[in-house]
Amino acid sequence: MSKDLLPGPYPRTPEERAAAAKKYNMRVEDYEPYPDDGFGYGDYPKLPDKSLHERDPWYQWDQPEMRHNWGEPMHWDFDMYLRNRVDTSPTPVPWHTMRKHFLIFLSTMLIMFGLGEIYPSYRPVGPKQYPFNDLYLERGGDPNKEPPVVTHYEI
Amino acid sequence: MAAGPPPSAAEAYRPNRYVSLPAELDPNTYDLSPEKRRAEAERLAIRARLKRQYQLQLNNPNPPTVIEDPALVRWVYARTQNVYPTFRPTPKTSFLGALYAIGPIVFWITVLKADRDRKEKLIKEGKYKRPLSVL
């Protein structure tokens, strides 16, 4: 493709903007380049950050899987907004409500788990009691000697 | 101090980078003014012209081997070859470049060094229990 059809530097004059809009097949009023911050965008148009999930599934696109028409300018993050990836379609519940509910739940659970670690609570326990004089023979005691008597009870 | 009017449904929804406003709440989908209709008509004209070009190539009796999409070529070029010519060192880009390039290296150097110094101190004091090694 010839050089004037490929992306170039940031457009400075209105004529350059009009030429860039025509190059990208957009209206001059719709064309809005990324701000000239030196980040490497050039004159590429800043399209709305909407994923492919939001595009009409019933329209006859030229490329149905990509929901994209031939010659239509692609979003800079096109490969992020695919239908397998990021989805920006509207949710039934607003985002700030979902975030608030999730953070309340998460913080409650974490605080309760933390408190449970600091102040554990369980039924009263005593030391484990072993039979056969505290397992005298199993622990290697001499079978010929008399084992020490171990009582675990008081009457 | 009286509160203002209650927020409209679109304002209560508060769309952001991660969700868009539903079409039912968006005032742009209702009551299109004549200017907006003219803009839509111009966009439709551009779309129809592009569709015609594509269909002519597609239904050609001797179709070309590959119908190249100029939008795709431009997208690839913009993301790969047009970044360096249009890059400009500014305070923001320099700071971000240093942060992402030098930051992780410096971070991991300090973390590993601090960990090894702590272990060395424990070994010197005799408090470190050597882990079991099967090698």
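Residues numbered from 1 in each chain as written. Chains lettered and ligands numbered in written order. Predicted model: local features only at pLDDT ≥ 70, side-chain atom pairs only at ≥ 80, totals over all residues. Heavy atoms only, no water.

Novice: So what exactly am I meant to see when it comes to the layout of surface pockets here?
Specialist: Gaps between atoms show up when a probe of the same size as a water molecule is rolled over them. Empty space within the largest pocket amounts to approximately 1,700 Å³. If you trace the largest pocket, you find 35 residues lining it, with A:Pro48, A:Lys50, B:Glu40, B:Arg43 and B:Arg47 closest to the centre. Taken as a whole, the second largest pocket holds about 190 Å³ of empty space. Lining the second largest pocket are A:Asp4, A:Leu5, A:Ala19, A:Lys22, A:Lys23, A:Asn25, A:Trp70, B:Arg49, B:Leu50, B:Gln53, B:Pro70 and B:Arg74. Breaking the lining of the second largest pocket down by element, the ones donating at least two residues are α1 (14-23) of chain A together with α2 (34-58) and α3 (70-80) of chain B. (1 Å grid on protein atoms, 1.4 Å probe; cavity = no way out; pocket = protein on both sides within 12 Å on 5 of 7 lines; lining within 4 Å. Points joined across faces, edges and corners; volume = space filled by probe spheres on them. Helix = DSSP H or I, 4+ residues; strand = E, 2+ residues; numbered from the N terminus.)

Novice: Help me understand the interface of chain A and chain B in this model?
Specialist: Where interface size is quoted, it is often the accessible area lost as the parts come together. Taken together, the contacts link 49 residues of chain A with 43 residues of chain B. Interface area lost by chain A to chain B is led by A:Arg27, A:Trp70 and A:Trp95, which between them contribute 21%. For the interface between chain A and chain B, the tally reads 6 salt bridges. Its salt-bridge partner being B:Arg43, residue A:Asp30 comes within 2.7 Å of it at the nearest N-O pair. At the junction of chain A with chain B, the criterion picks out 22 residue pairs in polar contact (both at pLDDT 80 or more). (Contact = heavy atoms within 4.5 Å. Buried area = accessible area lost by both parts, 1.4 Å probe. Salt bridge = Lys/Arg side-chain N within 4 Å of Asp/Glu carboxyl O. Polar contact = N/O pair within 3.5 Å; in protein donor to acceptor, adjacent residues only side chain to side chain.)

Novice: Can you walk me through the packing of aromatic side chains in this structure?
Specialist: For any pair of aromatic rings, the description consists of the separation of the ring centres together with the inter-plane angle of the planes. Counting across every chain of the model gives 11 aromatic pairs over all chains. For the pair A:Tyr24 and A:Tyr44, a centre-to-centre distance of 5.5 Å together with 75° between the ring planes defines the contact as edge-to-face. With A:Tyr24 in the loop between α1 and α2 (95-118) and A:Tyr44 in the loop between α1 and α2, this pair connects stretches of sequence that are 20 residues apart. The pair formed by A:Tyr24 and A:Tyr44 is uniform in burial state, with each residue classed as buried. Seen from their ring centres, A:Trp70 and B:Tyr54 are 6.1 Å apart, and the 25° between their planes marks the pair as stacked. Here A:Trp70 is found in the loop between α1 and α2, whereas its partner B:Tyr54 is found in helix α2 on a different chain. One aromatic cluster in this structure is built from A:Tyr24, A:Tyr31, A:Tyr34, A:Tyr41, A:Tyr44 and A:Trp76. (Phe/Tyr/Trp six-rings, centres within 6.5 Å; stacked < 30°, edge-to-face > 60°. Buried < 20%, exposed > 50% of the residue type's maximum accessible area, 1.4 Å probe, protein only.)

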